[in-house]
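Coordinates in review
Read off the chains here:
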Amino acid sequence: ISRAAKLFNEMEKPYLTITATGNALTKAVTAAEVIKRRFKGLHQITKLSSQELVDEYEPLEEGLDKVTDTRNVPCIEIKLSKEPLDKSDK
């Protein structure tokens, strides 16, 4: 929250982007809501996606195959701007 205040006030940036994956999604949404309450009149565009992660594990013993685990992790990108954002950018 203090970083957002620095970006908007001291550095005079027109927008900021909050990104998160996995379990951090709720923290990103909470942070965005707190920032919106502190700085009135912000515009928001939120993008949701998923990212495929592949974990590969080496065996501890000789002669065993590598084990791969593929999973999809949710991702969020929240853009908060002082100026109106392009509504077609959804």
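Before reading further, recall that the structure is shown in the block above.
Residues numbered from 1 in each chain as written. Predicted model: local features only at pLDDT ≥ 70, side-chain atom pairs only at ≥ 80, totals over all residues. Heavy atoms only, no water.

1. Description of the overall build of the protein
Tallying secondary structure elements over the protein gives 2 helices and 3 strands in all. Mapped from its N terminus to its C terminus, the protein presents α and β elements in the order α-β-α-β-β. What you see for the protein is a C-alpha radius of gyration of 19 Å, clearly larger than the 12 Å of a compact globule of 90 residues, by over 25%. Dimensions of the protein along its principal axes, counting C-alpha atoms only, are 60 × 30 × 20 Å. Looking at the protein as a whole, 21% of its 90 residues are labelled buried. In the structure as shown, the protein presents an accessible area of about 7000 Å², 48% of it carried by carbon and sulfur atoms. Of the side chains in the protein, 15 bear a positive and 15 a negative charge, and the two mean positions are spaced by 17 Å. (Helix = DSSP H or I, 4+ residues; strand = E, 2+ residues; numbered from the N terminus. Rg over C-alpha atoms; globule rule 2.2 N^0.38 Å. Buried < 20%, exposed > 50% of the residue type's maximum accessible area, 1.4 Å probe, protein only. Areas by Shrake-Rupley, 256 points an atom, 1.4 Å probe, with all protein chains shown as cover. Lys, Arg positive; Asp, Glu negative; His and termini not counted. Charge placed at Lys NZ, Arg CZ, Asp CG, Glu CD.)

2. Digging into the pairing of strand β3 (residues 67–81)
Pairing between strand β1 (residues 15–21) and β3: 7 bridges, direction antiparallel. From the neighbouring strand, Ile-18 faces β3, where its bridge partner is Ile-78. Strand direction decides the pairing type here: strand β2 (residues 43–57) and β3, joined by 15 bridges, are antiparallel. By the bridge assignment for β3, Ile-45 is matched with Lys-79. (Pairing = 2+ DSSP bridges.)

3. Focus: helix α2 (residues 25–38)
If you check α2, its first and last C-alpha atoms are 20 Å apart, about what 14 residues at 1.5 Å a residue would give, namely 20 Å. Those residues of α2 that fall on the buried side of the exposure criterion are Leu-25, Ala-28, Ala-32 and Ile-35. One side of α2 carries all its buried residues, which in axial view fall inside an arc of 95 degrees. In α2, the exposed residues that point more than 90 degrees away from the buried face are Thr-26, Lys-27, Arg-37 and Arg-38. At its buried positions, α2 is contacted by α1 (2–10), β1 and β3. (Expected span 1.5 Å × (residues − 1). Arc of directions from axis to C-beta. Contact = heavy atoms within 4.5 Å.)

4. Observations regarding the packing of aromatic side chains
All chains considered together, the criterion is met by 0 aromatic pairs. Directly above the ring of Tyr-15 sits Lys-79, whose terminal nitrogen or CZ lies 4.2 Å from the centroid. (Phe/Tyr/Trp six-rings, centres within 6.5 Å; stacked < 30°, edge-to-face > 60°. Lys NZ or Arg CZ within 6 Å of the ring centre and 35° of its normal.)

Read these as layout, nothing more, since geometry by itself doesn't imply function.
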